[in-house]
Structure formats: structure tokens, C-alpha cells
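Coordinate analysis (summary)
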Amino acid sequence: MAWGVIEAEGLPPARDLKLYPGGGREWDWSETGTRHEPGIQPIDVRELIDIGCEVVILSRGMHLRLQTMPKTLGLLADVAIAVHVLETRAAVDLYNTLAGNKAVGALLHSTC
């Protein structure tokens, strides 16, 4: 990963990625109206829940500007999914560590 681009095996490079067991896709914020504030919404993680992720990693961007709505964290807690909210490089590292052993999903933001 580098500023403005994230690469994942089997996917085209993208600015933001949504990763899950067996694949992923570009994370297009315009699908749900996501903005840096109030941040990642419950609807942004719904796909990861529906796919069966046991762990979800939410990146905050390289400068920690992307927020996460409390409702999003509440939803993940309600369905007993472990969540990690991290700076993007740390999020990528954790994803790579866990992906071989757990059903892990991630929302990765490559800029601010």
C-alpha cells in the first residue's frame, strides 16, 4: 500500500478497499454517502457481517481523519464480531496477519 492506492491479490488497485474472506472489491464511499465525519456507517459494515466475518478491521486513514460512528461499533458488538479500529498501515498489517487463520474483513482507506 501507498498513499492513494491499496493493492490486494486478485483485485485491481484502488484508493479504498473492502476485503472479506475469499475476495474483496473497491470500497466506494458514494454507495452509502460515507464521509470522514461522521465516518464509517453501519451500512458500510453490513456486507462484511452478511459474508460471515468473525473479525472486522476498520482503518482510519493515514492521518487518522476517518471516523467511525458509534452505531457502527454497536452493531458489530451486537452480532459478536471483534473489531479493530486502526491507522491504515497498522490495519493492513493486522489484516495480513489474521487473514490466514480467521474469517476477517476490512475497510481500508488509503489517504487522509
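Let us look at the structure shown here. (Residues numbered from 1 in each chain as written. Predicted model: local features only at pLDDT ≥ 70, side-chain atom pairs only at ≥ 80, totals over all residues. Heavy atoms only, no water.)

Observations concerning the sheet that holds strand β1 (residues 16–20)
The strand order across the open sheet built from five strands is β2-β1-β5-β3-β4, with neighbouring strands paired in mixed fashion. Two strands lie at the open edges of the sheet, namely β2 (23–26) and β4 (82–86), each paired on one side alone. Between one strand axis and the next, the sheet turns by 10° as a mean value, whatever way the strands run. Here strand β3 (residues 55–59) runs beside strand β5 (residues 104–109); their pairing, made up of four bridges, is parallel. Opposite Val-55, over in β5, you have Val-104 as the bridge partner. (Pairing = 2+ DSSP bridges. Helix = DSSP H or I, 4+ residues; strand = E, 2+ residues; numbered from the N terminus. Axes fitted to C-alpha atoms, helices over the stretch in contact; angles between N-to-C directions.)

Quick notes on the pairing of β1
Within β1, five of the five residues are buried, which leaves it mostly tucked inside the rest of the structure. Of the strand pairs in this sheet, β1 and β5 are connected by four bridges, and their pairing is antiparallel. Bridging from a neighbouring strand, Lys-18 pairs with Leu-107 of β5. Summarising the sheet, β1 and β2 pair through four bridges and their orientation is antiparallel. Residue pairing across strands places Tyr-20 opposite Gly-23, the latter belonging to β2. Linkage of β1 to β2, two consecutive antiparallel strands, is achieved through a turn of two residues, within which Gly-22 is found at a positive phi near 90°. (Buried < 20%, exposed > 50% of the residue type's maximum accessible area, 1.4 Å probe, protein only.)

Overview of the environment of Pro-12
When you line up the elements, Pro-12 lands in the segment before β1. Spatially, the C-alpha atoms of Pro-12 and Arg-25 are 8.4 Å apart, while their sequence positions differ by 13 residues.

Notes on unusual backbone geometry
Look at the link from Glu-37 to Pro-38: it is a cis peptide, with omega at 10°. Here Pro-38 shows up in the loop between β2 and α1 (42–51). In the Ramachandran plot, Leu-64 falls in the positive-phi region, its phi being about 60° despite a non-glycine side chain. One can find Leu-64 in the loop between β3 and α2 (70–78). For Ala-80, which is not glycine, the phi torsion reads 60° and is therefore positive. Checked against the element boundaries, Ala-80 lands in the loop between α2 and β4. For Ala-80, a relative accessible area of 70% translates into the label exposed.

Side note on the side chain of Gln-41
Tracing the backbone shows Gln-41 in the loop between β2 and α1. Using a relative accessible area of 18% as the deciding quantity, one classes Gln-41 as buried. A polar contact of 3.0 Å, which involves the side chain of Gln-41, links it to the backbone oxygen of Thr-32. Excluding residues within four positions of it along the chain, Gln-41 makes contact with Thr-32, Gly-33, Thr-34, Met-69 and Thr-72. (Polar contact = N/O pair within 3.5 Å; in protein donor to acceptor, adjacent residues only side chain to side chain. Contact = heavy atoms within 4.5 Å.)

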